[in-house]
Amino acid sequence: MDLERKVEVRTEKLLKANQELRGENIQRRKAEDGLIEQVRLSTLGAEIGSALVQSKDLESLLQLCTESIVKHLDAAFARIWTLNEKENNLELMASAGMYTHKDGNHGSIPVGKFEIGRIAQNKKPHLTNEVIGDSQISDQEWAKREGMIAFAGHPLVVADKLVGVMAMFAKKALHENDLKALASISDGIALGIVRKKAEDQIHFLAYYDNLTSLPNRFLFRELLGKSIEYAGRYKQTCAIALIDLNDFNRINDTFGHNIGDGFLKSVSSRLLKALRSSDNVARMFEGRIARMGGDQFFLLLQGLDRGLDASPVARRILSGLSQAYEIDGHEIFITASMGIAAFPDDGRDPDDLIKNADTALNHAKKEGKNNFRFYSKSMNEASLELLTMETNLRRAIERQEFLLFYQPKVDLATRKIIGMEALIRWKTQTGDLISPAKFIPVAEENGLILPIGKFVLQAGCLQNKTWQTACTKKISVAINVSGLQFGQKEFVQEVLTILKDTGLDPQYLELEITETTIMKNIERAVQNLNELKAAGIKVSLDDFGTGYSSLSYLQRMPLDSLKIDISFIRNVATNPDDAAIVKTIITMAHNLNLKVIAEGVEDEHQLEFLKAHGCDVIQGYLFSPPVPPEEFFNLLTRGNDQLFLNK
Ligand code: C2E
Ligand code: MG
Ligand code: MG
């Protein structure tokens with residue numbers, strides 16, 4: 001072989017070797033590229049995976065997903081829409097790359113429209129490396145201008161149900177691996193949407209009111225806590241107002257619950273409107289409204305200088321709420337009451353403030369509706385006392401701590417005891433006697449007056465019957481009946497049963513009711529009074545002169561006597577006005593054929609005046625205070641008709 005040939009062969013060999021080497025290199029590079037590719041795509045998968053676990057809500061999850069797509073697939077931009085089933089459209093939830101979330105007018109896309117809407121409709125991906133000329137890409141002008149090459153759109157589907165669409169544009173061709181990666185992350189994202197939506201739903205149910213979509217009491221408590229913290233740090237005041245609709249049940253009862261619900265929704269939007277209203281006061285505060293449940297709403301006012309600054313807002317809300325509502329063709333009016341408590345003066349934590357706003361609300365309600373009250377410490381003391389009283393009253397009923405005292409009613413002409421009034425006393429375990437003036441109003445409020453009143457009727461009738469059997473003198477017993485008792489359907493029947501059980505003749509029972517009791521329900525009063533009269537039971541109008549004192553209804557009432565209130569008797573001998581009133585009452589009562597009883601007679605001057613003007617019966621300390629049964633029996637049986645016993 002000559003040299004030339006040798007060189008040739010070597011070169012060939014070298015070339016071959018070189019070629020082989022190059023081939024290996026290419027293969028190796030290919031393998032390396034594949035590895036990088038794999039790493040790149042698996043990083044994408046991993047990022048999406050961790051977003052699924054870590055992001056706190058749907059929007060931030062999807063935002064992370066679009067950012068990862070842009071980063072790892074070299075997309076010009078990526079977007080994710082979720083399906084709004086009700087509207088049948090796709091709502092843009094996240095966007096990364098050259099367009100931000102708010103760019104463009106594709107905020108929501110009807111299913112079936114544009115490339116995105118069609119992907120949703122067909123539930124099939126659309127992938128192309130030739131955007132220009134692709135009939136599915138609607139905005140060709142734009143695509144040309146921006147130099148778009150590839151488009152990849154995936155329906156996001158879980159269990160064959162569409163939940164959204166994910167799409168990206170790129171200015172370079174997408175490889176098969178890119179498409180595979182997209183397909184594989186789309187499943188994860190779809191599952192993420194379903195799960196986050198469910199979580200949002202659970203969160204909504206736990207923290208928002210279903211009917212009005214306002215924050216509920218739990219969220220409100222949390223917001224209030226934050227607000228207190230903030231106010232504490234910046235030495236500000238924040239206040240809460242508890243708003244309660246007056247007689248809301250009337251709306252439910254009259255129109256049904258559906259209209260009631262609609263009404264509550266209108267109330268909540270009025271509250272929001274009142275807060276957003278453009279006047280200066282409102283703009284000063286950031287307010288929040290929550291629904292506590294039922295017909296109660298909470299308002300949170302932040303950034304106040306002092307609690308009193310809440311008043312203009314309170315006033316505006318009350319006047320806003322009291323305007324007519326139009327619901328289902330009905331015009332409805334309602335008023336509200338409001339209790340306000342402020343941090344730090346009225347409480348330092350959410351629970352205290354909420355409790356004190358409630359106390360203030362109760363006061364607002366009592367003082368007439370359609371107004372608001374600021375909490376004050378004395379309210380709490382009063383309501384604590386009331387609460388203790390209620391607990392103690394219940395126990396007193398169980399332990400039978402009530403007893404009756406009796407006060408004689410004396411005939412002015414004959415000076416003989418012709419009757420007695422039973423007056424209840426509460427003897428506590430420590431031996432204290434508590435006045436009915438203290439506990440009867442509480443018992444009326446919480447309904448305990450019903451068992452208490454029944455006890456008085458039974459004990460009074462039984463006592464009278466026992467005395468009638470023990471001595472020949474027969475007098476009547478007067479029992480005070482509260483409004484709540486008298487308003488019960490079965491009241492008259494209950495009285496009749498007690499008379500039967502105790503054996504007392506109905507003519508020896510007298511019931512004392514007040515004008516207020518009658519006025520509460522005139523129809524029921526007339527009916528009850530007629531039935532009582534028919535049964536032979538007497539009825540007196542107690543505390544006369546302090547109530548409505550309307551002659552026109554008095555005429556319609558089958559009453560037997562009228563008791564002039566103690567407040568007119570007190571100064572009857574010294575004050576000409578009182579004297580004139582008492583004279584008129586006596587004349588008027590006689591014209592109506594009613595007997596007149598004067599209560600609270602304490603001295604001879606009063607007695608003389610009453611006698612001179614024809615009063616029939618006297619009751620008062622002048623003769624005797626209310627006394628325990630044994631003492632009363634002594635009075636009754638002493639046989640002494642000169643009844644100036646106290647002297
Ligand atoms: P009332 O029915 O008007 O009873 C008259 C009140 O005047 C009684 O007060 C009596 O002790 C008091 N009194 C009698 N004479 C005089 C007097 O000369 N001077 C003065 N300053 N007061 C006199 P009491 O016993 O404290 O009862 C207060 C109110 O409590 C009663 O007023 C009545 O409205 C209510 N009450 C008492 N017992 C019952 C009851 O069993 N049921 C109901 N529903 N209410 C009752
Ligand atoms: Mg009375
Ligand atoms: Mg009275």
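Reference entry: report on the structure contained in this document. This one's a predicted model, so the numbers in the text were calculated from it and none came from an experiment.

**Here's the deal with the coordination of the magnesium ion (ligand 2)**
Now for step 1: Coordination of the magnesium ion (ligand 2) by the protein involves Glu 421 (OE), Asn 480 (OD1), Glu 512 (OE) and Asp 542 (OD), with metal-donor separations of 2.0 to 2.2 Å.
Now for step 2: Within one chain, the residues donating to the magnesium ion (ligand 2) are spaced in sequence as E-x58-N-x31-E-x29-D.
Now for step 3: The metal-metal distance between the magnesium ion (ligand 2) and the magnesium ion (ligand 3) is 4.2 Å, with Asp 542 coordinating both. A residue pair is termed long-range when its members are at least 10 positions apart, and Asn 480 in strand β17 (residues 476–480) and Glu 512 in strand β18 (residues 509–514) qualify at 32 residues.
Now for step 4: Residue class for Glu 512 comes out buried when judged on its relative accessible area of 1%.

**Considerations on the sheet that holds strand β3 (residues 108–110)**
Now for step 1: One open sheet accounts for 6 strands, arranged β3-β2-β1-β6-β5-β4; its pairing is antiparallel. The sheet terminates laterally at β3 and β4 (126–128), the two strands that pair on one side only. Each strand axis lies, on average, 25 degrees off the axis of its neighbour in the sheet, ignoring direction.
Now for step 2: As paired elements, strand β1 (residues 77–84) and strand β6 (residues 161–170) share 6 bridges and run antiparallel to each other. Across the sheet, residue Ala 78 finds its bridge partner in β6, namely Met 168.

**Remarks on the coordination of the magnesium ion (ligand 3)**
Now for step 1: Around the magnesium ion (ligand 3), the protein contributes the donor atoms Asp 542 (OD), Asp 543 (OD), Glu 599 (OE) and Glu 599 (OE), at 2.0 to 2.5 Å from the metal centre.
Now for step 2: One chain supplies every donor for the magnesium ion (ligand 3), spaced along it as D-D-x55-E.

**Thoughts on the nonpolar core**
Now for step 1: One finds Leu 393, Leu 509 and Phe 632 to be the most contacted residues of the largest nonpolar core, which totals 79 residues.
Now for step 2: Apart from the residues within four sequence positions on either side, Leu 393 is in contact with Phe 402, Trp 426, Phe 439, Val 442, Ala 443, Leu 448 and Ile 452.
Now for step 3: Listed in part, the 34 residues of the second largest apolar core include Leu 214, Ile 259, Ala 310 and Leu 321.

**Quick notes on the site of ligand 1**
Now for step 1: Ligand 1 sits among 22 residues. The nearest are Gln 407, Asn 480, Asp 542, Glu 602 and Tyr 621.
Now for step 2: Between Glu 421 and ligand 1, the recorded distance is 3.0 Å, taken from a side-chain N or O atom to an oxygen atom.
Now for step 3: In the model, an oxygen atom of ligand 1 is placed 2.8 Å from a nitrogen or oxygen of the Tyr 621 main chain.
Now for step 4: Contact with the protein chains hides 82% of the accessible area of ligand 1, taken as 790 Å² for the molecule alone.
Now for step 5: Taken atom by atom, the bulk of ligand 1 overlaps the largest pocket.
Now for step 6: When residues of the shell around ligand 1 are traced back to their parent elements, those giving at least two are β15 (417–427), α13 (436–446) and β19 (538–544).
Now for step 7: Counting residues per element, the shell around ligand 1 draws most heavily on β15, which supplies 4 residues.
Now for step 8: Looking at side-chain class alone, the shell around ligand 1 contains 9 nonpolar, 6 polar and 7 charged residues.

**Re the environment of Pro 629**
Now for step 1: Locating Pro 629 in the fold gives a position in helix α23 (residues 629–637).
Now for step 2: Separated by 207 residues in the primary sequence, Pro 629 and Ala 422 have C-alpha atoms spaced 9.7 Å apart.
Now for step 3: Residues within four places of Pro 629 in sequence aside, it is in contact with Leu 404, Tyr 406, Gln 463 and Trp 467.

**Looking at the side chain of His 72**
Now for step 1: Note on placement: His 72 falls in helix α2 (residues 58–73).
Now for step 2: The class of His 72 is buried, set by a relative accessible area of 10%.
Now for step 3: Within polar-contact distance, the side chain of His 72 engages the side chain of Glu 47 at 3.0 Å.
Now for step 4: Sequence-distant contacts of His 72, defined by excluding residues within four places in its chain, comprise Arg 40, Thr 43, Leu 44 and Glu 47.

**Observations concerning helix α7 (residues 248–255)**
Note that an α-helix has 3.6 residues per turn; residues three or four places apart therefore point the same way.
Now for step 1: The set of residues buried in α7 consists of Phe 248, Ile 251 and Asn 252. Each buried residue of α7 sits inside an arc of 95 degrees when the element is viewed along its axis, so together they form one side. Exposed residues on α7 whose side chains face more than 90 degrees from its buried face are Asn 249, Asp 253 and Thr 254.
Now for step 2: Phi turns positive one or two residues past the end of α7, at Gly 256, with a value near 95 degrees.

**Focus on the packing of aromatic side chains**
Now for step 1: For the structure shown, the criterion picks out 18 aromatic pairs.
Now for step 2: Between Tyr 406 and Trp 467, the ring centres sit 5.3 Å apart and the planes meet at 70 degrees, which makes this aromatic pair edge-to-face. Linking Tyr 406 in strand β14 (residues 402–411) with Trp 467 in helix α14 (residues 449–470), this pair joins segments that are 61 residues apart in sequence.
Now for step 3: Classification of Tyr 406 by relative accessible area gives buried; the value is 1%.
Now for step 4: Look at Trp 426 and Phe 439: their rings are 5.5 Å apart centre to centre, the planes differ by 90 degrees, and that puts the pair in the edge-to-face class. One end of the pair, Trp 426, is in strand β15; the other, Phe 439, is in helix α13, with 13 residues separating them in the sequence.
Now for step 5: Given the relative accessible area of 3%, Trp 426 is considered buried.
Now for step 6: The ring of Tyr 325 carries the charged tip of Arg 270 above its face, separated from the ring centre by 3.6 Å.

Rules used throughout
- Residues numbered from 1 in each chain as written.
- Chains lettered and ligands numbered in written order.
- Predicted model: local features only at pLDDT ≥ 70, side-chain atom pairs only at ≥ 80, totals over all residues.
- Heavy atoms only, no water.
- Donors = N, O, S within 2.8 Å, 3.2 Å for Na, K, Ca; no water.
- Helix = DSSP H or I, 4+ residues; strand = E, 2+ residues; numbered from the N terminus.
- Buried < 20%, exposed > 50% of the residue type's maximum accessible area, 1.4 Å probe, protein only.
- Pairing = 2+ DSSP bridges.
- Axes fitted to C-alpha atoms, helices over the stretch in contact; angles between N-to-C directions.
- Core = buried A, V, L, I, M, F, W, Y, C linked by side-chain atoms within 4.5 Å.
- Contact = heavy atoms within 4.5 Å.
- Near = heavy atom within 4 Å.
- Polar contact = N/O pair within 3.5 Å; in protein donor to acceptor, adjacent residues only side chain to side chain.
- Areas by Shrake-Rupley, 256 points an atom, 1.4 Å probe, with all protein chains shown as cover.
- 1 Å grid on protein atoms, 1.4 Å probe; cavity = no way out; pocket = protein on both sides within 12 Å on 5 of 7 lines; lining within 4 Å.
- Sits in = over half its atoms within 2 Å of the grid points.
- Nonpolar A, V, L, I, M, F, W, Y, C, P; charged D, E, K, R; others polar.
- Arc of directions from axis to C-beta.
- Phe/Tyr/Trp six-rings, centres within 6.5 Å; stacked < 30°, edge-to-face > 60°.
- Lys NZ or Arg CZ within 6 Å of the ring centre and 35° of its normal.

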